[in-house]
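Residues per chain, in single letters:
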Amino acid sequence: MNRRKVSYRLWSLSTSWIGWPLRAFAELLIRLRRHPKVDGVRIVTAAVEEDRRERWVATLREALLYIEQHDPRRYRRIKREIRSIFIGPEMTRGKYDRPYRDCRINYRGLEIEDHPLWLRFRLTTLLVHEATHGSCCSRYIGYTKELRGRIERLCHREEVRFARRAFPDLQPEWICEFDITPYQTHWDTPKRVLRRRFWSLLKNELILPALRRKEVPPAGKRED
Ligand SMILES: [Zn+2]
């Protein structure tokens, strides 16, 4: 067996075994519910409000279609490497999760309503970025301490190549040089601090709004 393949598998097991029972349970819950699919890619949204959920799915549908029309090769990669797209509270702009082939998108990035072109640019380049992470995993290249800087640089380069091809009216200031600083800051933050921040994010932006919503009386029983 390929040595790189074995070491990749061992590495991915070591990083995921603690969370897997929780993740498997979450996956089961997701599968029990019906989620919209765009060309075979499942879209899971964490928004409580129905109209917000619909808006996010529509935005994502439009972004995927745009990539398919302007860069079919990278679109095929997205289809190959991403099975589900989750939109919800995240601490970074996006995240790729293997072995589930999930692409996680920070919903804040989808709330820019006054500039549709900028929103499309941000979303499509993010999908290209995350699919490149998937491609690295498919080639058994682990996101290790030694390699992660080079992997992020590669994903950024793919974003830029895609942007130059797919956006003829691209504003030069939209494409920035690769900067490792935000990644390094994230990597240098202790895991327990990241976990605490993530839980408070989930609590404030997902769990509490969902609970508060349950307290609202049905429309027919309101007095106004
Ligand atoms: Zn990345």
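These notes cover the structure that comes with them. Source: prediction; values computed, not measured.

## Some words on the overall build of the protein chain
Looking only at helices and strands, the protein chain features 8 helices and 5 strands. Relative to all contacts within the protein chain whose residues are 6 or more apart in sequence, the contacts with residues 24 or more apart total 62%.

## Comments concerning the coordination of the zinc ion
Note on the zinc ion: its protein donors are His129 (NE2), His133 (NE2), Glu152 (OE) and Glu152 (OE). The metal-donor distances range over 2.0 to 2.7 Å. Here the zinc ion binds 4 donor atoms, and the angle range of 52 to 149° at the metal identifies the geometry as irregular. Taken in sequence order, the residues that donate to the zinc ion follow the motif H-x3-H-x18-E. Of this pair, histidine 133 sits in helix α5 (residues 116-138) while glutamate 152 sits in helix α6 (residues 148-166); the two residues are 19 residues apart in sequence, bridging distant segments of the chain. The exposure class assigned to histidine 133 is buried, which follows from its relative accessible area of 10%. Of the residues examined, glutamate 152 reaches a relative accessible area of 3% and is grouped as buried.

## A look at the environment of glutamine 69
Its place among the elements puts glutamine 69 in helix α3 (residues 50-70). On the accessibility criterion, glutamine 69 (55% relative accessible area) is exposed. Counting along the chain gives 97 residues from glutamine 69 to alanine 166, while the straight-line C-alpha distance between them is 8.7 Å.

## Some words on the packing of aromatic side chains
By the definition in use, this model includes 10 aromatic pairs. On the basis of an interplanar angle of 45° and a centroid distance of 5.1 Å, the ring pair of phenylalanine 121 and tryptophan 174 is categorised as tilted. Pair noted here: phenylalanine 121 is in helix α5 and tryptophan 174 is in the loop between α6 and α7 (181-188), with a separation of 53 residues, a long-range link. Overall, phenylalanine 121 belongs to the buried group, its relative accessible area being 6%. Through a chain of ring-to-ring contacts, three or more aromatic side chains come together here, namely Tyr66, Trp118, Phe121, Phe162, Phe167 and Trp174. The ring of phenylalanine 86 carries arginine 104 above its face, with NZ or CZ at 4.5 Å from the centroid.

## A look at the pairing of strand β2 (residues 41-45)
Summarising burial for β2: 5 of the 5 residues are buried, a large majority. Of the strand pairs in this sheet, strand β1 (residues 37-38) and β2 are connected by 2 bridges, and their pairing is antiparallel. Bridge pairing in β2 places valine 38 opposite valine 41. In this structure, the hairpin formed by β1 and β2 is closed by a connection of 2 residues, where aspartate 39 is found at a positive phi of approximately 50°. Strand direction decides the pairing type here: β2 and strand β3 (residues 84-88), joined by 4 bridges, are parallel. When the sheet's bridge partners are listed, threonine 45 is paired in β3 with isoleucine 87.

## Remarks on unusual backbone geometry
Of note in the backbone geometry, aspartate 39 takes a positive phi value of approximately 50° without being a glycine. Summarising the element assignment, aspartate 39 is placed in the loop between β1 and β2. Positive phi is not limited to glycine here, since arginine 101 has a value of about 55°. Here arginine 101 lies in the loop between β4 (94-97) and β5 (102-106).

## Some words on the sheet that holds β3
The strands making up a sheet are joined through hydrogen bonds of the backbone, oriented either antiparallel or parallel. Read across the open sheet, the 5 strands follow the order β1-β2-β3-β5-β4; overall the sheet is mixed. Since the sheet does not close on itself, it has two edges, and those belong to β1 and β4, each with one partner. Those strands touched by α3 are β1, β2, β3 and β5, and its axis lies near 150° from that of β2.

Calculation notes
- Residues numbered from 1 in each chain as written.
- Predicted model: local features only at pLDDT ≥ 70, side-chain atom pairs only at ≥ 80, totals over all residues.
- Heavy atoms only, no water.
- Helix = DSSP H or I, 4+ residues; strand = E, 2+ residues; numbered from the N terminus.
- Contact = heavy atoms within 4.5 Å.
- Donors = N, O, S within 2.8 Å, 3.2 Å for Na, K, Ca; no water.
- Tetrahedral: all angles 85-135°; square planar, octahedral: opposite > 155°, others 65-115°.
- Buried < 20%, exposed > 50% of the residue type's maximum accessible area, 1.4 Å probe, protein only.
- Phe/Tyr/Trp six-rings, centres within 6.5 Å; stacked < 30°, edge-to-face > 60°.
- Lys NZ or Arg CZ within 6 Å of the ring centre and 35° of its normal.
- Pairing = 2+ DSSP bridges.
- Axes fitted to C-alpha atoms, helices over the stretch in contact; angles between N-to-C directions.

Honestly, it's all geometry; don't read function into it.
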